[in-house]
Each structure stands twice: as C-alpha cells, then as structure tokens.
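# Coordinates in review
One letter stands for each residue in the lines below.
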Amino acid sequence: MTLMIIGTLAGAGAVVAISYLVERLRRAPATATALSWAPEVPVRWVTVDGVRLRYVVAGNGVPVVLLHTLRTQLDLFQRVFSALAARYRVYAVDLPGHGHSDIPAADYSAEFFIDKIAGFLDRLELDGTVLVGESIGGAIALALAADHHPRVRAVVAINPYDYDRGRGLLRASLLARLLFGLNDVPILGGTVMRLRQLPVITAVLEGGLHRLGSLPPALAREIYQVGNRRGHYQGFMSLVHHWPSWEAVAERYGAIDRPVLLLYGDHDWSRTGERQQNAQKISGAELRTVAEAGHLLSLDAPDDMITQVTEFIDRLPHDGRPLGA
C-alpha cells in the first residue's frame, strides 16, 4: 500500500513537472502588424497607467467602443466591425491580459478592467461614447455608466456576465465545468491550465455558440496561440479566481442614468430571471432577445447584433453629450 501511494505521488509529481516543461516550450506568437480579417485597418497602441493596450479604429461619426468577452480579444468582432464602421467611428480594444495587450502582474478583478477601460476612454478623449460590450465587456460598460463616467453616453450590454457569482461559463458544458471548476484547486488547477491544447480551447469557445459553424477556425487558433504569451495563463486564472467580482458590479446598476440596451441571445448562459433582474435595476433599460443565438453574439448572430446596435444608436439624441451629464 505504501509503495502504491509513493508511486501515485511520484506519478502526479511527474505530470506537474511535465506541465511546467510544456509551458516553457510554448512559442508566443508574434504581434501582427495588421489584422488578417481587415488588413486595411492599422493596429494601434495606447498606454493606460503603464499598461499597453492594442486597439483598432475605423469609420467616422459617433464613437463606438467594442469590448470583448473573457479569454477572447478584439478579433471577436471581425464579423461586425466593418459594418458598424460604415456608420460610426468604431474602436475595438484588447482588454489587459488578453489578445496582444500587456499582461501586468495584477489581480484581474472586475474593478481592474473597469479602471483600465475608463483610462482608455480618457487617453483617447472619446466624448459621447456608446459602449458596446459582450459578456464581461457588457458588465464593464454598465459599470462605467453606473459610475457616471463623463465620456459614456449610452450602453449596449450583450449577454453581460454579472450573475451566479460569475460562474456563468460553468453552464456552457461539462468540459467548462471540469476545467474552470478546478481553477482554485492548489497545484491541480495550474497543471490543467498549463496542459491546455487547441481542441480544448476550441471546445470551450464553441460552448458559447448556438449556431453550427459560427466559430472561425483561424480565430480559435489565434485565441489559443496568444495564450502562449508569458503570464497569460496566470492572468486568466486570476480572472477566474475573481469571478464573484462581476456579480458585485451588478449591484451598482441602479445608479445608471443614461440609455441602455440589454441584448441577450436566447441560448445565452444567463437565465430569464437574471436578465429580468438587470432590466428592473436599470431605469428605462430596453431588454431584447435574439433568437437562436448563444453567448458570443457577435459570432453567432452578427447581422442581428448589427441591426440591434444601429437601431439603438440611431435613436439617441445627436448633441454628442453624455446623457445625465
């Protein structure tokens, strides 16, 4: 029995050691100077509180800032960016610790992201901005509206990630429950994350989709490869550890005093009661649902998203000032 225990521990230790070796041997991708899906749009950079953020911008008119989901990047919006940029001045930014933005040593809580996007708006002096955020991007946008950020004019929050102590992703699939349920288990959580592979990342992303074929293989590979950047997986584990902070953000929604569209896919991880609760907190909020669509709406139902966003923005007052300011 003793020999069996020793053998088991030795085997487990070997797996842990191998996971560190695998992580060390990973090759981080080069930062592309152009987007594969929009080569005419230059990649830009801005530094916020010492953190360098990648972003792109195109078009003219009302400033619209696109904020992506957890563990993705600005390329998530590749199916909606050009259509929106034909009508507005559209920005898309990699959140810190995501895509090709810096990966600072920090606690990746909701407040960390809210603070950096507030700084992004200030550094680029984006007055009268409409924030269009998906998942945690939606929660960031709503939090900035609740904080009465003077540059935020209105918000479209798509499947905001602000319920069930931030464990919505665990509802996506059995695989997601297994992977992220182990996140805070000492040794085991980090070992599993270091041994990640492309098929696993692809399967997790597909858990946020309802329509078959909605995930571009090149995007899945890009998202997987940026995870090879030094510090990336630790930052993501910190984000998962701080999941409860996203539900705490929702407690501020009652202070929102500017136009809000809550847009959900009918197959989003959130439940009907959770969606209605958000709508009840926000005075005057519109609540709409896109049929046959999941959590990653910009990939799953891009045409519906474009229609809903443009109809909402085009109904706003056009004096360029944040409402409530």
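Each remark here, short or long, concerns the structure printed above.
Summarised in this report is the structure supplied together with it. Keep in mind that this is a model prediction, so the values were computed, not measured.

A few words now on the environment of tryptophan 45. Of note, tryptophan 45 is situated in strand β3 (residues 44-48). A relative accessible area of 28% places tryptophan 45 in the partly exposed class. Excluding anything up to four places from it in sequence, tryptophan 45 contacts Thr31, Arg52, Leu53, Arg54, Tyr55, His100 and Ser101.

Bringing the side chain of aspartate 75 into the picture now. Mapped onto the elements, aspartate 75 comes out in the loop between β5 (63-67) and α2 (81-85). Residue aspartate 75 is classed as buried on the basis of its relative accessible area of 7%. Those residues in contact with aspartate 75, other than ones at most four positions away along the chain, are Leu35, Trp37, Arg54 and Leu219.

Where helix α3 (residues 110-123) meets helix α4 (residues 136-146), the closest approach of the two axes is 10 Å, and the angle between their N-to-C directions is 70°. It follows that α3 is roughly perpendicular to α4 by the angle criterion. Two secondary-structure elements touch here, α3 through Phe113, Ile114, Ile117, Ala118 and Leu121 and α4 through Ile140, Ala143 and Leu144. Of the residues contributing to the contact of α3 with α4, the split by class is 8 nonpolar, no polar and no charged.

Enumeration over the complete set of coordinates arrives at 19 salt bridges. As a salt-bridge pair, arginine 288 and glutamate 286 come within 2.8 Å of each other at their nearest N and O atoms. You can call glutamate 286 partly exposed: its relative accessible area is 21%. Taken together, the shared-partner salt bridges connect Asp164, Arg167, Arg171 and Glu274 into one network.

Conventions we followed
- Residues numbered from 1 in each chain as written.
- Predicted model: local features only at pLDDT ≥ 70, side-chain atom pairs only at ≥ 80, totals over all residues.
- Heavy atoms only, no water.
- Helix = DSSP H or I, 4+ residues; strand = E, 2+ residues; numbered from the N terminus.
- Buried < 20%, exposed > 50% of the residue type's maximum accessible area, 1.4 Å probe, protein only.
- Contact = heavy atoms within 4.5 Å.
- Axes fitted to C-alpha atoms, helices over the stretch in contact; angles between N-to-C directions.
- Parallel < 35°, antiparallel > 145°, perpendicular 65-115°, else oblique.
- Nonpolar A, V, L, I, M, F, W, Y, C, P; charged D, E, K, R; others polar.
- Salt bridge = Lys/Arg side-chain N within 4 Å of Asp/Glu carboxyl O.

Remember, this is a structural readout, not a statement about activity or role.
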